[in-house]
Amino acid sequence: MKRIAFLIHPRDVHDLYRRFPFLKILGDDFNEAVLKNLRFPKRIGFTICSKFDIYGQAEGYLIAVLLTAKQIMTDRENARKRILDALLYAQNKLGVELIGLGALTKSVTEGGRWLANNEKVRAKITNGDALTTAVALEAIDEIIKKKALRDPVIAIVGATGIIGQALSRLLISHKLILIGRNPERLKQSFPDLTETSRVVLSGRLSDAIDADIIITATNHHDSFVKSEHLKRNAVVYDIAQPSNVLPDVIKERPDIVSLDGGHVSIPGINLKFNMGTPRGTTFACLAETILHALENDDKDYIGYVDAGSVKLIKERAKKHNFVHAPFTSCGKQINF
């Protein structure tokens, strides 16, 4: 039976309490310090959250690397070490053949390339970004229909990332505002795109104000879309983990619709661990890992996403009835 593992991490210290609820009594500051300074032995740097069945055809493990999003992005060397420790444990001790990367575990490993190039790694790696891209495209089409938008302007925050680049190219028929922190890297990422009335390259989050739909897909723990960045009645499709939209923005702006992005229904699969998505759903990156296991695929899916990989994973998702989950906002189902 094929075995897979999916690597996650706490977005902040409060996510840690999903796995270790008793730690609440020690306080947030203490727990953050403990996570940051865990060094030895290796096994303490990660924890197995659950073992789950995949239709009797495969077994899966959820493994959490014990670093918050901020800690991962501010100490990448330590983060890579812990990610590799977790992967090698899954590979060598659990017999895992396929490893999926969740949230920032892919950002700090170059979309999985750093891991795949490590001589100790035999397991295949997937960053799950093809299905995330595919379901985002599906969601954008649905948003346009629901809001009856004609020729909408779409902003992509984090346009230089793996998902951001894929979406930017696959949504090129729309008016686009492509936003990245580094303007020079933004130009290098899209050398074939000349700024026109339909495509704008920007290093300023404030330029999202002109967009009807904003897709957030950054890998930064502190890239927050604020109220002043949003056009009236705009829709935000928030793929980023941690979220790029704080709950306060939604309270301040009742005209705004903020949707939890990249969620997929996985009928009949119980992950046996609360990852923060509604029951019967999970993040697209995990769903993609499961789909590759069901198809006995023994390839790496790392680095940037092309149209061919999006087409392939859409076909696999359709075959196994993995579809975009019902829209939610802050985890609660929403109609708009």
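Residues numbered from 1 in each chain as written. Predicted model: local features only at pLDDT ≥ 70, side-chain atom pairs only at ≥ 80, totals over all residues. Heavy atoms only, no water.

Peer 1: Break down the sheet that holds strand β7 (residues 175-179) for me, citing the residues and quoting the values.
Peer 2: Taken together, 6 strands build an open sheet; the order of strands is β8-β7-β6-β9-β10-β11 and the sheet is parallel. The sheet is open, and its two borders are formed by β8 (199-202) and β11 (257-260), each paired with just one other strand. Put simply, the sheet's adjacent strands are angled 15 degrees from each other on average, direction ignored. Strand direction decides the pairing type here: strand β10 (residues 235-238) and β11, joined by 4 bridges, are parallel. Among the inter-strand pairings, aspartate 238 is bridged to a residue of β11, identified as aspartate 260. Across the sheet, helix α8 (residues 162-170) touches β6 (153-157), β7 and β9 (213-216), and the angle it forms with β6 is around 160 degrees. (Pairing = 2+ DSSP bridges. Helix = DSSP H or I, 4+ residues; strand = E, 2+ residues; numbered from the N terminus. Axes fitted to C-alpha atoms, helices over the stretch in contact; angles between N-to-C directions. Contact = heavy atoms within 4.5 Å.)

Peer 1: Describe the side chain of serine 329, with residues and values.
Peer 2: In this structure, serine 329 sits in strand β14 (residues 328-329). Here the side chain of serine 329 touches serine 258 through a polar contact of 2.7 Å, landing on its backbone oxygen. Residues in contact with serine 329, not counting those within four places in the same chain, are Ile250, Ser258, Asp260 and Ile334. (Polar contact = N/O pair within 3.5 Å; in protein donor to acceptor, adjacent residues only side chain to side chain.)

Peer 1: An account of the pairing of β7 is requested, with residue identities and associated values reported.
Peer 2: Judged by how many residues are buried, β7 sits mostly within the fold: 4 of 5 residues are covered. Both β6 and β7 contribute to a ladder of 5 bridges, which runs parallel. The residue bridging alanine 155 from the neighbouring strand is isoleucine 177, located in β7. On the question of chirality, the crossover connecting β6 to the parallel β7 by way of α8 is right-handed. When β7 meets β8, the two strands line up parallel, connected through 4 bridges. Residue leucine 178 lies in a different strand from β8, and its bridge partner there is leucine 201. (Buried < 20%, exposed > 50% of the residue type's maximum accessible area, 1.4 Å probe, protein only. Right-handed = clockwise from strand over helix to strand, strands pointing away.)

Peer 1: So, the packing of aromatic side chains: which residues are in play, and what are the values?
Peer 2: On inspection of all chains with the given rule, the structure shows 2 aromatic pairs. When the ring centre of phenylalanine 336 is taken as reference, the NZ or CZ atom of lysine 146 above it lies at 5.6 Å. (Phe/Tyr/Trp six-rings, centres within 6.5 Å; stacked < 30°, edge-to-face > 60°. Lys NZ or Arg CZ within 6 Å of the ring centre and 35° of its normal.)

Peer 1: Outline the nonpolar core, supporting the account with residue identities and numerical values.
Peer 2: Leu131, Leu178 and Tyr237 are the most contacted members of the largest nonpolar core, which has 64 residues in total. In terms of residue count, the dominant contributor to this core is helix α7 (residues 129-146) (10 residues). Counting 27 residues, the second largest nonpolar core, distinct from the first, contains Ala69, Ile72, Leu84 and Leu101. (Core = buried A, V, L, I, M, F, W, Y, C linked by side-chain atoms within 4.5 Å.)

Peer 1: An account of the environment of glycine 276 is needed here, citing residue identities and associated values.
Peer 2: Within the element layout of this structure, glycine 276 appears in the loop between β12 (263-265) and β13 (281-283). Counting along the chain gives 261 residues from glycine 276 to aspartate 15, while the straight-line C-alpha distance between them is 8.6 Å. Setting aside its immediate chain neighbours within four residues, glycine 276 contacts Arg11 and Arg18.

Peer 1: Lay out the sheet that holds strand β5 (residues 124-126) with the relevant residues and their values.
Peer 2: Note: strands within a sheet are paired through backbone hydrogen bonds, in either parallel or antiparallel orientation. The strand order across the open sheet built from 5 strands is β2-β3-β1-β4-β5, with neighbouring strands paired in mixed fashion. Looking at strand neighbours, the two that pair on one side only are β2 (46-54) and β5, the edges of this open sheet. Strand-to-strand twist across the sheet, computed as the mean angle between neighbouring axes with direction ignored, equals 20 degrees. Along the sheet, helix α4 (residues 76-93) contacts β1 (2-8), β2, β3 (58-65), β4 (98-101) and β5; its crossing angle with β3, the most-contacted strand, is approximately 155 degrees. Contacting β1, β2, β3, β4 and β5, helix α11 (residues 284-294) runs over the sheet at an angle of about 170 degrees to β1.

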